[in-house]
Amino acid sequence: QVQLAESGGGLVQAGGSLRLSCAASGRAFPTMAWFRQAPGKESEFVATQSWRWSGGRSYYADSAKGRFTISRDDAKNTVALQMNSLKPEDTAVYYCAAGANVVSDYVRLSAYEYWGQGTQVTVSS
C-alpha cells in the first residue's frame with residue numbers, strides 16, 4: 001500500500017525558513033512534487049523533481065523560483081522542500097504528490113496518483 005507522509009510544517013515569521021519532508025512507502029515514483037492550497041483558493045503547483053534515472057530535473061512555479069528548493073533522496077524514497085525568504089502569501093497547506101506517468105503534466109493535480117495528508121505552513125507578517 002502506497003503512503004506519503006509529510007512533516008516539517010509550522011509557524012514562521014516572514015523572511016524565515018522551513019523545510020518540509022515527505023516519505024513515500026510502498027514503491028518509488030518517477031515524479032514527486034509539492035502543491036499547496038491557501039484558504040479560499042485552489043490548489044497550486046509549487047515544485048517537482050524527477051528521479052535520478054530520468055535526470056533528476058526540477059521545475060518550479062514562478063512564485064517559488066529563487067526561494068524554494070526541491071530535492072529527492074531516491075535511496076530513501078523521500079522528497080524535501082526547502083523554503084527560504086518566506087512570505088505571508090506562502091501560507092497554505094502543503095501537499096506531497098507522487099506519480100508514475102506525470103511526464104510534462106507536472107503542474108496538473110490529476111497527473112499525480114498519490115497524495116499526502118498535508119502539512120500546514122503559516123507565515124506571519
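Attention in this report is confined to the structure presented alongside it. Chains are numbered independently. Their residues run from 1 in the order of the written sequence. Note on the predicted model: pLDDT of at least 70 is required for a residue's local features to be given, and 80 or more for side-chain atom pairs to be given and counted; whole-chain, interface and lining totals, by contrast, use all residues. Excluded from the side-chain calculation are hydrogens and water; included are all heavy atoms of the structure.

**Focus: the layout of surface pockets**
Of the grid points, spaced at 1 Å and generated over the protein atoms alone, those admitting a 1.4 Å probe that cannot get out make up cavities, while open sets with protein on both sides within 12 Å along at least five of seven lines make up pockets; any residue with an atom within 4 Å of a point is treated as lining. Grid points are joined across faces, edges and corners, and a volume is the space filled by probe spheres set on the points. Counted as a void, the largest pocket has a volume near 200 Å³. Lining the largest pocket are 14 residues, with Thr31, Ser50, Arg57, Tyr59 and Val103 sitting closest to its centre. The dominant element in the lining of the largest pocket, judged by the number of residues it contributes, is strand S5 (residues 44–50), at three residues. Considered class by class, the residues forming the lining of the largest pocket number six nonpolar, seven polar and one charged. Strands are runs of DSSP state E lasting at least two residues, helices are runs of H or I lasting at least four, and both sets are numbered from the N terminus onward. Any residue that is not Ala, Val, Leu, Ile, Met, Phe, Trp, Tyr, Cys, Pro, Asp, Glu, Lys or Arg is counted as polar, Gly included; the first ten are nonpolar and the last four charged.

**As for the packing of aromatic side chains**
Working definition: rings of Phe, Tyr and Trp (its six-membered ring) pair if their centres are within 6.5 Å, and the pair is stacked with planes under 30 degrees apart, edge-to-face with planes over 60 apart, and tilted otherwise. All chains considered together, the criterion is met by eight aromatic pairs. Judged by centre distance (5.3 Å) and plane angle (55 degrees), the ring pair of Phe29 and Tyr114 falls under tilted. Placement of the pair is Phe29 in the loop between strand S3 (18–25) and strand S4 (31–37) and Tyr114 in strand S10 (residues 114–115), with a sequence separation of 85 residues. Looking at Tyr114, the relative accessible area reads 30%, which means it is partly exposed. Taken together, the ring pairs connect Phe35, Phe45, Tyr59, Tyr106, Tyr112 and Trp115 into an aromatic cluster. Whether a charge lies above a ring is judged from NZ of Lys or CZ of Arg, which has to be within 6 Å of the ring centre and within 35 degrees of the ring normal. Positioned over the ring face of Phe29 is Arg27, at 4.4 Å from the centre of the ring. Here the term buried applies to any residue with accessible area under 20% of the maximum for its type, exposed to any over 50%, and partly exposed to those in between, with areas from a 1.4 Å probe on protein chains only.

**Notes on unusual backbone geometry**
For Asn77, which is not a glycine, the phi torsion comes out positive at approximately 60 degrees. Here Asn77 is to be found in the loop between strand S7 (68–73) and strand S8 (78–83). Look at Asn77 and you get buried, because its relative accessible area is 12%. Its identity as a non-glycine residue notwithstanding, Ser85 has a phi of 50 degrees, on the positive side. Within the element layout of this structure, Ser85 appears in the loop between S8 and strand S9 (92–99).

**Comments concerning the environment of Asp73**
When you line up the elements, Asp73 lands in strand S7. With a relative accessible area of 29%, Asp73 lands in the partly exposed category. Sequence separation of Asp73 and Trp51 is 22 residues, and the distance between their C-alpha atoms is 8.6 Å. A distance of 3.1 Å separates a polar side-chain atom of Asp73 from the backbone nitrogen of Ala75. Any N or O atom pair separated by 3.5 Å or less is treated as a polar contact, with the protein-specific requirement of one donor-capable and one acceptor-capable atom, and with residues adjacent in sequence counted only for side-chain atom pairs.

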